[in-house]
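# Topology and contacts: notes
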There are 2 protein chains.
Amino acid sequence: MEEQLASAAVNSWKIVIGRIDHAIAALDDEQFQRQIAPGKNRLFYLIGHLTAIHDRMFPLLGLGERLHPELDEVYVTNPDRALPDSISASDLKRIWSEVNNRLTTALEALTAREWLQKHGAVSDEDFAKDPTRNRIAVLMSRTNHASFHAGQAVLAK
Amino acid sequence: MEEQLASAAVNSWKIVIGRIDHAIAALDDEQFQRQIAPGKNRLFYLIGHLTAIHDRMFPLLGLGERLHPELDEVYVTNPDRALPDSISASDLKRIWSEVNNRLTTALEALTAREWLQKHGAVSDEDFAKDPTRNRIAVLMSRTNHASFHAGQAVLAK
């Protein structure tokens, strides 16, 4: 029963990532530069941001080293257009897929017991006080975060 | 273990709903009329839409009759501005809270075993073929849907 519940959370993640995959597959370089609304984030920034945040999930979930820490300065620490893009649109598409494919493979290998263990940003002491600060809570939070920005991405034109 | 996993999904739902609660609590009638982008949905429509979709979760999850089926024509079946608003902004805030509070109370009472039972829009035969079409998948899907529109709502001004 617990494995089915954990699988449901991984499936939910895969559905959200799959929809973004589908949406960006069709984008050319010019379309990647579109803003979600006048003066707001470009699609390029949003996808760079999601890629960096998902890449950070490797250490946060105890799944190994992240692959692309160089994304953070342009796509997390700074707002859109503060710095020039550090990669091309085709690089971004490739890195987006690489990070999410590897991450999803690692997520699929976790057992229900492992999903309930603490995540990497909480101390043993704090986890003892609040056992809801577990891996599965991180996965659900990041799935919601991706959905949040997916809702913005569909507004770009 | 299975109860903790099911609780994590309900917590994720509560976090997303709580953020929307917080965002709309401060809105006056004029602000509720703002669009998320020029020519796009108004906040009023988005919140009406989410309220109706959440209200539909009562029968879909086998939790009883829905409370406000009258919302569907204006906020689900038709796009924004096709029909005049059928309720005031203060009614909408009240109904949003009523639906989500009652729904969340019902969600909190479900056991892990109940979360893995089929939802109301799938036949016994189809559920036998695909047991992932369960209540918890509906909850995660609706949590992502709310996050998707929350990402749009923050763009309104």
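All of the points below concern the structure found in this document. On a predicted model such as this, the values are computed, not experimentally measured, just so you know.

## Points about the packing of helix α1 (residues 2–25) of chain A against helix α1 (residues 2–25) of chain B
When two helices pack together, their arrangement is captured by the angle between the axes and the distance separating the axes. The interhelical angle for the contact between α1(A) and α1(B), taken along N-to-C directions, is 25°, at an axis separation of 8 Å. Considering their axes alone, α1(A) and α1(B) lie roughly parallel with respect to each other. The hand of the α1(A)/α1(B) crossing is left-handed. Contact residues: A:Glu2, A:Leu5 and A:Ala6 in α1(A); B:Glu2, B:Leu5 and B:Ala6 in α1(B). Classifying every residue of the contact of α1(A) with α1(B) by side-chain character gives four nonpolar, no polar and two charged.

## Some points on the side chain of B:Arg66
Residue and element names in this part refer to chain B. Tracing the backbone through its elements, the reader meets Arg66 in the loop between α4 (57–60) and α5 (71–77). A relative accessible area of 19% means that Arg66 is categorised as buried. Of the polar contacts made by the side chain of Arg66, one reaches the backbone oxygen of His68; its length is 3.3 Å. A polar side-chain atom of Arg66 sits 2.7 Å from a polar atom in the side chain of Asp72.

## What about the interface of chain A and chain B?
Frequently, the measure chosen for interface size is the accessible area that the parts lose on association. At the interface, 31 residues of chain A touch 31 residues of chain B. Across the chain A to chain B interface the summed buried area is about 2,700 Å²; carbon plus sulfur atoms make up 72%. It is A:Met1, A:Leu5 and A:Leu155 in chain A that bury the most area against chain B; as a group they hold 23% of the surface buried on that side. Counting every contact that joins chain A to chain B gives zero salt bridges. Where chain A packs against chain B, one counts six residue pairs in polar contact (both at pLDDT 80 or more). Of all the secondary-structure elements, those providing two or more residues to the side of chain A that touches chain B are α1, α7 (112–115) and α9 (135–153) of chain A.

## Considering the packing of α1(B) against helix α6 (residues 89–108) of chain B
Residues and elements named next belong to chain B. Direction vectors running N to C along α1 and α6 enclose 165°, while the axes themselves pass 11 Å from each other. The angle between the axes of α1 and α6 places the two elements in the roughly antiparallel class. The two elements α1 and α6 cross, and the hand of that crossing is left-handed. On the side of α1, the interface is formed by Val10, Trp13, Lys14, Ile17, Ile20, Asp21, Ile24 and Ala25, while α6 contributes Lys93, Trp96, Asn100, Leu103, Thr104, Leu107 and Glu108. A per-class count over the contact of α1 with α6 returns nine nonpolar, two polar and four charged.

## A few points about the relation of the copies chain A and chain B
Under the fitted operation, chain A is carried onto chain B by 0.0 Å of movement along the axis and a turn of 180°, and the coordinates agree to an RMSD of 0.0 Å. Each copy turns onto its partner about a two-fold axis. Same-surface contact between copies: 100% of interface residues of chain A are shared with the interface of chain B.

## Structural notes on α6(B)
All names here are of chain B. The end-to-end C-alpha separation of α6 is 28 Å, in line with the 28 Å expected for 20 residues at 1.5 Å each. Listed in full, the buried residues belonging to α6 are Ala89, Leu92, Ile95, Trp96, Val99, Asn100, Leu103, Thr104, Ala106 and Leu107. Buried residues in α6, looked at end-on, bunch into an arc of 160°, giving them a common side. Along α6, the residues that are exposed and aim more than 90 degrees away from the buried face are Ser90 and Thr105.

What counts, and where the lines are drawn
- The written sequence of each chain sets the order in which its residues are numbered from 1.
- Here chains are named by letter from A upward and ligands by number from 1 upward, in the order in which they appear as written.
- pLDDT decides what is reported in this predicted model: residues at 70 or higher carry local features, side-chain atom pairs at 80 or more are listed and counted, and totals for whole chains, interfaces and linings draw on all residues regardless.
- In computing side-chain properties, one takes all heavy atoms of the structure into account and sets aside hydrogens as well as water.
- Angles shown run from 0 to 180 degrees and are taken between the N-to-C directions of axes, each axis being a line fitted to C-alpha atoms and, for helices, limited to the stretch in contact.
- Under the DSSP-based scheme used, a helix requires at least four consecutive residues in state H or I and a strand at least two consecutive residues in state E, with every element numbered from the N terminus.
- Note that the term roughly parallel is reserved for angles under 35 degrees, roughly antiparallel for angles over 145, roughly perpendicular for angles of 65 to 115, and oblique for everything else.
- If you view the pair so one helix is near and one far, a crossing is left-handed when the near helix is turned anticlockwise from the far one by less than a right angle, and right-handed when it is turned clockwise.
- In this analysis, two residues are considered to be in contact whenever any of their non-hydrogen atoms come within 4.5 Å of each other.
- Gly counts as polar in this scheme, as do all residues outside two lists: the nonpolar Ala, Val, Leu, Ile, Met, Phe, Trp, Tyr, Cys and Pro, and the charged Asp, Glu, Lys and Arg.
- The buried label goes to any residue with under 20% of its type's maximum accessible area, the exposed label to any with over 50%, and the partly exposed label to all in between, with areas taken from a 1.4 Å probe on protein chains only.
- N or O atoms closer than or at 3.5 Å make up a polar contact, with two conditions inside protein: a donor-capable atom paired with an acceptor-capable one, and, for residues adjacent in sequence, both atoms drawn from side chains.
- Here the quantity called buried area is the total loss of accessible area, with a 1.4 Å probe, experienced by two parts when brought into contact, counted for both.
- Just to be clear on terms, a salt bridge is a Lys or Arg side-chain nitrogen sitting within 4 Å of an Asp or Glu carboxyl oxygen.
- Least-squares superposition aligns the copies on the C-alpha atoms of those residues with pLDDT at or above 70 in both.
- Given the number of residues in a helix, its expected span is that number minus one, multiplied by 1.5 Å.
- Working definition: the arc comes from the directions between the helix axis and the C-beta atoms, pointing outward to the latter.

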